[in-house]
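Residue-level listing of the chains:
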Amino acid sequence: MSTRSPDPAQERVLPGATPPAEPLDAGLYIVATPIGNLGDITLRSIDVLRRAALIACEDTRVTGKLLKAIGVDTRMQRYDDHAPAERRARLLERAQKEAVALVSDAGTPLVSDPGYRLVSEARGAGVAVTALPGPCAAIAGLTLSGLPTDRFLFAGFLPVKDKARREVLDEVGTAAATLIFYETGPRLAKSLAALADIWPGREVVVARELTKLHEEARGGTAQALAEHYSAHQPKGEIVLLVGPPKNEEQSFDTDALLREALGEMSASKAAGRVAKLTGLERQTLYARAVELRGE
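Residues numbered from 1 in each chain as written. Predicted model: local features only at pLDDT ≥ 70, side-chain atom pairs only at ≥ 80, totals over all residues. Heavy atoms only, no water.

**Q** Quick rundown of the overall build of the protein? Include the residues and the values.
**A** Tallying secondary structure elements over the protein gives twelve helices and ten strands in all. Here the protein has a C-alpha radius of gyration of 24 Å; the compact-globule value for 295 residues is 19 Å, and the former is much larger. Across the 295 residues that make up the protein, the buried fraction comes to 41%. Taking the intrachain contacts of the protein between residues at least 6 apart in sequence as the baseline, contacts between residues at least 24 apart amount to 70%. (Helix = DSSP H or I, 4+ residues; strand = E, 2+ residues; numbered from the N terminus. Rg over C-alpha atoms; globule rule 2.2 N^0.38 Å. Buried < 20%, exposed > 50% of the residue type's maximum accessible area, 1.4 Å probe, protein only. Contact = heavy atoms within 4.5 Å.)

**Q** Run through the confidence of the model for the protein, naming residues and quoting values.
**A** Caution is warranted with low-pLDDT regions, since their predicted coordinates should not be read in detail. The share of residues in the protein with pLDDT of 70 or more is 91%, and the mean pLDDT across the chain is 89. Residue range residues 1–14 is modelled with pLDDT below 50. Its contacts to residues more than four positions away, or to other chains, number two contacts. (pLDDT = per-residue confidence, 0-100.)

**Q** Describe the pattern of salt bridges, listing the residues and the values that go with them.
**A** Tallied over the full model, the rule gives 17 salt bridges. Among the ionic pairs, D170 bridges to R166, the shortest N-O distance being 3.2 Å. Of this pair, D170 and R166 both sit in helix α7 (residues 162–172), four residues apart, roughly one helical turn. The burial state of D170 is the same as that of R166; both residues are buried. R187 is the salt-bridge partner of E183, the closest N and O atoms lying 2.9 Å from each other. Residue R187 is classed as partly exposed on the basis of its relative accessible area, which comes to 23%. Taken together, the shared-partner salt bridges in this structure form one network comprising R166, D170, D197, E260, E264 and R273. (Salt bridge = Lys/Arg side-chain N within 4 Å of Asp/Glu carboxyl O.)

**Q** Would you mind going over the environment of Y79 in detail, with residue names and values included?
**A** Inspection of the secondary structure puts Y79 in the loop between β3 (76–78) and α4 (85–95). On a C-alpha basis, the gap between Y79 and A56 in space is 5.6 Å, while along the polypeptide they are 23 residues apart. Here Y79 is in contact with A56, C57, E58, R87, R88, L91, L102, R117 and L118, once residues within four sequence places are set aside.

**Q** I'd like to hear about helix α6 (residues 137–145), residue by residue, with values.
**A** Within α6, the full set of buried residues consists of A137, A138, G141, L142 and S145. All buried residues of α6 project into a common sector of 130° when viewed along the axis, lining one side. The elements touched by buried residues of α6 are β6 (152–157), β7 (178–184), β8 (204–208) and β10 (237–242). Looking one or two residues beyond α6, the residue adopting positive phi is G146, at roughly 80°. (Arc of directions from axis to C-beta.)

**Q** Give me the packing of helix α10 (residues 254–262) against helix α11 (residues 267–278): which residues, what numbers.
**A** Remark: α10 packs on α11, axes separated minimally by 9 Å, with the N-to-C direction vectors making an angle of 135°. Relative to α11, the element α10 lies oblique. α10 and α11 meet at a crossing whose hand is right-handed. Residue-level contacts link L257, L258, A261 and L262 of α10 to A267, A270, A271, R273, V274, L277 and T278 of α11. Grouping the amino acids of the contact of α10 with α11 by side-chain chemistry returns nine nonpolar, one polar and one charged. (Axes fitted to C-alpha atoms, helices over the stretch in contact; angles between N-to-C directions. Parallel < 35°, antiparallel > 145°, perpendicular 65-115°, else oblique. Left-handed = near helix turned anticlockwise from the far one by under 90°. Nonpolar A, V, L, I, M, F, W, Y, C, P; charged D, E, K, R; others polar.)

**Q** If you had to explain the packing of aromatic side chains to someone new, which residues and values would you point to?
**A** Under the criterion given, the structure shown has two aromatic pairs. Between F157 and Y182 the ring centres are 5.5 Å apart and the planes differ by 65°, which places this aromatic pair in the edge-to-face class. Placement of the pair is F157 in strand β6 and Y182 in strand β7, with a sequence separation of 25 residues. By relative accessible area, which is 33% here, F157 ends up partly exposed. For Y182, a relative accessible area of 8% gives the class buried. (Phe/Tyr/Trp six-rings, centres within 6.5 Å; stacked < 30°, edge-to-face > 60°.)

**Q** Would you mind going over the side chain of T33 in detail, with residue names and values included?
**A** Topologically, T33 is positioned in the loop between β1 (27–31) and α2 (43–51). Look at T33 and you get buried, because its relative accessible area is 2%. T33 has contacts with L66, V103, S104, D105, A106, G107 and P135, leaving out every residue within four places of it along the chain.

See the structure below:
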């Protein structure tokens, strides 16, 4: 019978196998979770989720499936930004004494997901806050898109109503940066139509099914993409990216822009909208808007 000592490497316990003995330091731990591919969860995230005293999550059913897959049985409590202040206060009180992990249904908490109020109040109360980086649809979409990555602006979900959507696009449209939005399949057509109307020449990318089997990043003009997806209805959440304005876009037909805006609003508001879009002086545009209205 061999008396050789066991190989230490064979005795090493892989993360996710058995719970460690040492608890985590007290505080709030922001934990990113997979956006589609379970293999994207980090070893550190598994360790923190196992060792935390409590996991605050959007939906215990969704998070429960993740925990089961990675062999974690930590107690969960539902939490989102619409939760009553009393629940937030209880979570913060607990985080002062033991480890509380914060997760969203998928991706990085706080990035178009719950958590802002909790983290803001935790910092204000002196609670230790730790971020565990990981999956984020906005960043995954950006890196796939082929659009400039040196400067980008993330603007979350576009508004549902046409007027509000147009106002947001006018507000961010002059930024010399790649624009990143979140969108849903049923609303994609209207957003692409709005982009085609405002920025017909800009490159647009629709990134969908990120990290999954049928991952796609399709680029082109907004009009071309609108035609494609009208025939191939997408499902699920989507990352919609718009390239920065090109130099030739700096030549604007201000009269046409003002006339279009005057059909919907006052001269003052029309001047404000066109000023945001073009970068021109609002006072000059207002004077021209008054002239056009009097024609």
